[in-house]
Each structure stands twice: as C-alpha cells, then as structure tokens.
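For reference, the chains in residue letters:
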Amino acid sequence: MASIELINELLESGVHYGHQTKRWNPKMREFILEEKNDIYIIDVSQTVEQLDRASKFLASIVSGGGKVLFVGCKKQAQEAIKEAAESCGQFYVQNRWLGGTLTNLSTIRKSVARLQEIEKKLKGPGLSKIGKKEQASLRRELARLMKNLAGLREMDKLPSAVVVIDTTREDIAVREANRLGIPVVAIVDTNCDPELIDYPIAGNDDAIRSIRVVLTKLVEAIKGASGIREKKTDTALAGVAE
C-alpha cells in the first residue's frame, strides 16, 4: 500500500488524535504536528515510518523462529489484541498483566500446569467420583485461570518481542520487558514516554479503530514472515527426504 493510502487509512481511523494538551508527556513533542481545540494532533507521516520499521522488525523476529507477546488489557484493546495474536499464532494478555509474567515465568508455567491439571480432571473418566461441590470449585478456579492465562498456555519460554497497547496502563509489562532486554513495539499516545519503547508508533491508543488498524499492519507483517519461514522449512525437509 502506498504511503498516501496508508496515511488516509490512519486518518480515517483517528490515529492522529492525541490527548488533551493538559495531559501530555513532553518527550512526545517531536511526534506532534499541531495543537487543535486543546487536542494534540500527531504527525501521521512519522507514524507511517514507525509502523513500517516496527513491521519489518516483527517480521524479522518471526522469520527467525521467534515469538511475539501481544499485551492490551484496557477495554478498547482486549478483543483486538486477542484476535490479532490468535490470527498469527502468537501469545497474548488481554485481561490482566500478572506481575512476573516475564521476570518470573516459572511461576506462570506452574499456573498453566494447574490449569491443565483441572481440565484433565473435569474431562477425565474419574469425574463421576468427584463431588458436585468440588466440581463447582474446580470450574470456578479453571474459569479464573483461563481468564488470565488463555493466551499464555503455549508460552514455555520468553518471547522475542512484546507488542503493547497503552504503555502507561501496561507500565509493569514494559518495565519487565526492559529489564530483560526484550524489545518492545508499542502505540505511543501523547501522554506516553517513547524513550521506554524500542519501536514506538505514535498514535491514538484509546480509539478501537485506531488500535485495530495499527494491529492489522503488524499482523500482516508477521503472517508474511510466518509464510516465508514455513516454505523454508518445507524446502529443507524435502531436501532431507531426498
């Protein structure tokens, strides 16, 4: 897609609308085009360049066999994050960031193991031997675990990159990634600190349409890289077979 077409798509989705001028981070100054009716307007031409850079980075991660963790727990981002991650076979957190998800992954894996244990009990032949009260308790525990861990079930090692929606809200996730040296790709609104982000994408992180259009571009890059990696793997396996 030509830059002018992408710019129009971003403008139509409201990516350029920042926060009120009284709610801003001075470090975002270079990404702001103007002030209009007490609202900061983001320079979408920079957003296009940043989106391209971030897309190429994620493509390189996935083509090399790495995995990406998508994070977005605010109401506007929850479904978009889940759909984006699932559509390209990546991990996600959409309800609540559990402290230590990255810095204490072993604990998260124990919780996932507990989730799988409960599922096995509730689906196994021995279910009839479990009392109704205990079954109800297990189902409540399973629902709680699924709410927080559904998108992390297969994440048995640290991701190679993290994509974040609303870095102010998800500051713990960003700090954990920074601490471990895991690159962060994120939409940075005018109230965010872009210096904490490796691949910032200046844009509105509150509007559902804005979030979706940015995620769509990132997912397209990941899917493209996944397809290339699969072809390389198939070719390699064919060579071995011969």
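Residues numbered from 1 in each chain as written. Predicted model: local features only at pLDDT ≥ 70, side-chain atom pairs only at ≥ 80, totals over all residues. Heavy atoms only, no water.

Chemist: So what's going on with helix H5 (residues 132-149)? Which residues, and what values?
Modeler: Given 3.6 residues per turn, any residue in an α-helix points the same way as the ones three and four places further on. The end-to-end C-alpha distance of H5, which contains 18 residues, comes to 25 Å, matching closely the 26 Å that a straight helix rising 1.5 Å per residue would cover. Within H5 the residues assigned to the buried category are Gln135, Leu138, Glu141, Leu142, Leu145, Asn148 and Leu149. Buried residues of H5 fall within an arc of 155 degrees about the axis and therefore sit on the same side. The outward face of H5, more than 90 degrees from its buried face, is lined by the exposed residues Lys132, Lys133, Arg140, Arg144 and Lys147. Elements in contact with the buried residues of H5: helix H4 (105-123). (Helix = DSSP H or I, 4+ residues; strand = E, 2+ residues; numbered from the N terminus. Expected span 1.5 Å × (residues − 1). Buried < 20%, exposed > 50% of the residue type's maximum accessible area, 1.4 Å probe, protein only. Arc of directions from axis to C-beta. Contact = heavy atoms within 4.5 Å.)

Chemist: How would you sum up the sheet that holds strand E6 (residues 161-165)? Please name residues and give values.
Modeler: An order of E5-E4-E6-E7-E8 is seen for the 5 strands of this open sheet, with the pairing classed as parallel. The sheet terminates laterally at strand E5 (91-93) and strand E8 (199-202), the two strands that pair on one side only. Direction aside, neighbouring strands of the sheet carry axes that sit 15 degrees apart on average. Bridge count for strand E4 (residues 68-71) against E6 is 4 bridges, and the pairing is parallel. Opposite valine 68, over in E6, you have alanine 161 as the bridge partner. Contacting E4, E6, strand E7 (184-188) and E8, helix H2 (residues 44-63) runs over the sheet at an angle of about 145 degrees to E8. Strand contacts of helix H3 (residues 75-87): E4, E5 and E6, with the helix running at about 170 degrees to E5, the strand carrying the most contacts. (Pairing = 2+ DSSP bridges. Axes fitted to C-alpha atoms, helices over the stretch in contact; angles between N-to-C directions.)

By themselves, these are just geometric observations and shouldn't be taken as functional.
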